[in-house]
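Tertiary structure, described
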Amino acid sequence: MSDHPPRFTILALETSCDETAAAVIRDGRTIVSNEVASQMHLHERYGGVVPEVASREHILSMAPVIEAALAPLEDSWDAVSAVACTYGPGLAGALLTGVNVAKGLAWAHDLPLVAVNHLEAHVYANWLVAAGTSPADHVDPPFPLVCLIVSGGHTVLVLLRGHGDYQLLGQTRDDAAGEAFDKAARIMGLGYPGGPRMERLARGVDAAGVRVPRAWLGDSYDFSFSGVKTHVLHAMAEHASAGADDPYTARLAAAFQEAVVDVLVSKTVRAAEEYGARCVLLAGGVAANGALRDALIERSPVPVHYPPIRLCTDNAAMVGAAAYFRYRQGLQHDWSLSVKPNLKLIPSG
Ligand code: KG4
Ligand code: ZN
């Protein structure tokens with residue numbers, strides 16, 4: 001008998017929005033391969049994701065992306081222990097590609113099929129071993145923990161007491177944080193995707209006298225970002241001549257980012273204190289934002305974990321990590337699995 005437990009290797013797929021992704025993940029933490037084919041350039045000219053274009057592109061990209069992900073295994077399916085995919089939330093047509101391909105591969109190779117929630121996958125990006133770290137030096141985030149999930153479609157604050165044990169603390173009542181970044185950036189003429197462009201414009205800029213109001217919503221852990229977006233709309237209308245390279249626009253970008261970050265960080269820190277969290281996690285595309293990371297690290301009473309930038313935005317490595325921990329708890333799907341475009345992280349939430 002071997003001294004080592006057998007490795008559990010998952011081929012994971014992600015197609016919920018505009019990235020076609022496949023990854024091979026070992027024991028929920030080690031990235032063997034992580035392939036992402038972004039469609040961003042196709043959607044850029046429309047200023048947002050066009051669902052029909054996304055679905056067609058997923059179908060075209062899926063096979064080459066999977067082939068590239070499997071290459072380190074030298075095409076040996078014997079090394080694969082399970083097939084995982086995202087089944088929601090997301091665009092129905094986009095999700096269908098990943099779910100159907102995962103079903104087909106699992107069936108053809110007689111492997112377990114494990115489908116995960118896309119938001120849960122973002123959380124589990126924090127369990128992946130960062131490049132350059134040896135698996136032996138890697139430390140899993142300790143429970144209980146508070147996780148702020150901030151993406152283009154969602155803003156959710158959750159308490160995790162263990163794997164899969166989520167308690168919803170708060171969520172956005174209107175726009176998601178990433179959506180606010182994207183919409184405000186579009187109003188300011190920065191183009192798509194707005195988050196990274198807004199961050200770039202605001203970097204090192206002093207908001208100097210420009211203030212964007214915060215929506216605190218009392219003691220609630222809920223968020224509201226439609227007001228900051230409207231504020232940017234009025235501010236830009238008042239400065240009708242201000243274009244994307246006007247100094248006023250850069251000050252407004254800095255003030256906008258400061259307002260969004262202030263609310264996100266204040267509520268996350270308060271939740272960590274109230275629930276005795278041992279660490280705080282950031283997850284989702286907006287977790288790539290340097291100002292958000294820095295402010296959370298500065299104000300959090302406990303260590304802050306966040307994935308490397310490449311693992312903050314949509315990828316399949318995080319799907320493989322989430323699927324591993326959930327499979328170990330007994331989660332498995334059969335051929336009746338269907339997509340759930342409106343899937344919630346917590347069913348009653
Ligand atoms: O998680 P994600 O890749 O896709 C969804 O599941 O929604 O998140 C995409 C979102 C977009 O709204 C994008 O503008 C935002 O994440 N984002 C950022 C940054 N990088 C990506 N927002 C602020 N600052 C960034 N650096
Ligand atoms: Zn996402």
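Below: a short report on this structure. (Residues numbered from 1 in each chain as written. Chains lettered and ligands numbered in written order. Predicted model: local features only at pLDDT ≥ 70, side-chain atom pairs only at ≥ 80, totals over all residues. Heavy atoms only, no water.)

A look at the site of ligand 1
Surveying the vicinity of ligand 1 reveals 18 residues, the closest of which are His 122, Gly 152, Asp 182, Glu 199 and Asn 289. A distance of 2.6 Å is found between an oxygen atom of ligand 1 and a side-chain nitrogen or oxygen belonging to Asp 182. For ligand 1, an oxygen atom lies 3.2 Å from a polar atom in the backbone of Asp 314. The pocket occupied by ligand 1, as judged from atoms lying within 2 Å of grid points, is the largest pocket. Contributions of two or more residues to the shell around ligand 1 are made by α4 (118–124), α5 (177–187) and α6 (194–202). Tallied by class, the residues present in the shell around ligand 1 amount to 4 nonpolar, 11 polar and 3 charged. (Near = heavy atom within 4 Å. Polar contact = N/O pair within 3.5 Å; in protein donor to acceptor, adjacent residues only side chain to side chain. 1 Å grid on protein atoms, 1.4 Å probe; cavity = no way out; pocket = protein on both sides within 12 Å on 5 of 7 lines; lining within 4 Å. Sits in = over half its atoms within 2 Å of the grid points. Helix = DSSP H or I, 4+ residues; strand = E, 2+ residues; numbered from the N terminus. Nonpolar A, V, L, I, M, F, W, Y, C, P; charged D, E, K, R; others polar.)

Some remarks on the pairing of strand β4 (residues 82–88)
Within β4, 7 of the 7 residues are buried, which leaves it mostly tucked inside the rest of the structure. Direction of pairing for strand β1 (residues 9–14) relative to β4: parallel, over a ladder of 4 bridges. Paired with Leu 13 across the strands is Cys 85, a residue of β4. Taking the sense of rotation as the criterion, the β-α-β connection linking β4, helix α3 (residues 92–108) and strand β5 (residues 113–117) turns out right-handed. (Buried < 20%, exposed > 50% of the residue type's maximum accessible area, 1.4 Å probe, protein only. Pairing = 2+ DSSP bridges. Right-handed = clockwise from strand over helix to strand, strands pointing away.)

A few points about the packing of aromatic side chains
Under the definition given, this model contains 9 aromatic pairs. Between Phe 8 and Tyr 324 the ring centres are 6.2 Å apart and the planes differ by 50 degrees, which places this aromatic pair in the tilted class. One end of the pair, Phe 8, is in the segment before β1; the other, Tyr 324, is in helix α11 (residues 317–328), and 316 residues separate them in sequence. You'll find Phe 8 and Tyr 324 in the same group, each marked buried. Relative to Tyr 327, the ring of Phe 8 lies with its centre 5.0 Å away and its plane at 25 degrees, an arrangement referred to as stacked. Taken together, the residues span a long stretch of sequence, with Phe 8 in the segment before β1 and Tyr 327 in helix α11 at a distance of 319 residues. An aromatic cluster is built from Phe 8, Tyr 124, Trp 127, Phe 143, Tyr 324, Phe 325 and Tyr 327, whose rings are joined through pairwise contacts. The cationic tip of Lys 267 hangs over the ring face of Phe 223; the distance from NZ or CZ to the ring centre is 5.8 Å. (Phe/Tyr/Trp six-rings, centres within 6.5 Å; stacked < 30°, edge-to-face > 60°. Lys NZ or Arg CZ within 6 Å of the ring centre and 35° of its normal.)

Section: the layout of surface pockets
Counted as a void, the largest pocket has a volume near 1100 Å³. Mapped by element, the contributors of at least two residues to the lining of the largest pocket are α4, α5 and α6. At 6 residues, α5 tops the list of elements feeding residues into the lining of the largest pocket. Counted by class, the lining of the largest pocket contains 13 nonpolar, 17 polar and 10 charged residues. (Points joined across faces, edges and corners; volume = space filled by probe spheres on them.)

Regarding the pattern of salt bridges
This structure, assessed with the given rule, holds 9 salt bridges. Where Arg 326 meets Glu 120, a salt bridge forms, and the shortest distance between an N and an O atom there is 2.9 Å. Of this pair, Arg 326 sits in helix α11 while Glu 120 sits in helix α4, and the two are 206 residues apart along the sequence. Note that Glu 179 and Lys 183 form a salt bridge whose closest N and O atoms lie 3.0 Å from each other. Residue Glu 179 and its partner Lys 183 are located together in helix α5, separated by 4 residues, close to a single helical turn. On the accessibility criterion, Glu 179 (23% relative accessible area) is partly exposed. Taking relative accessible area as the criterion, Lys 183 reaches 29% and is therefore assigned partly exposed. (Salt bridge = Lys/Arg side-chain N within 4 Å of Asp/Glu carboxyl O.)

Some points on the coordination of the zinc ion (ligand 2)
Around the zinc ion (ligand 2), the protein contributes the donor atoms His 118 (NE2), His 122 (NE2) and Asp 314 (OD), at 2.0 to 2.1 Å from the metal centre. Along the chain, the residues donating to the zinc ion (ligand 2) fall in the pattern H-x3-H-x191-D. On the criterion of sequence distance, the pair formed by His 122 in helix α4 and Asp 314 in the loop between α10 (309–312) and α11 is long-range, its members being 192 residues apart. (Donors = N, O, S within 2.8 Å, 3.2 Å for Na, K, Ca; no water.)

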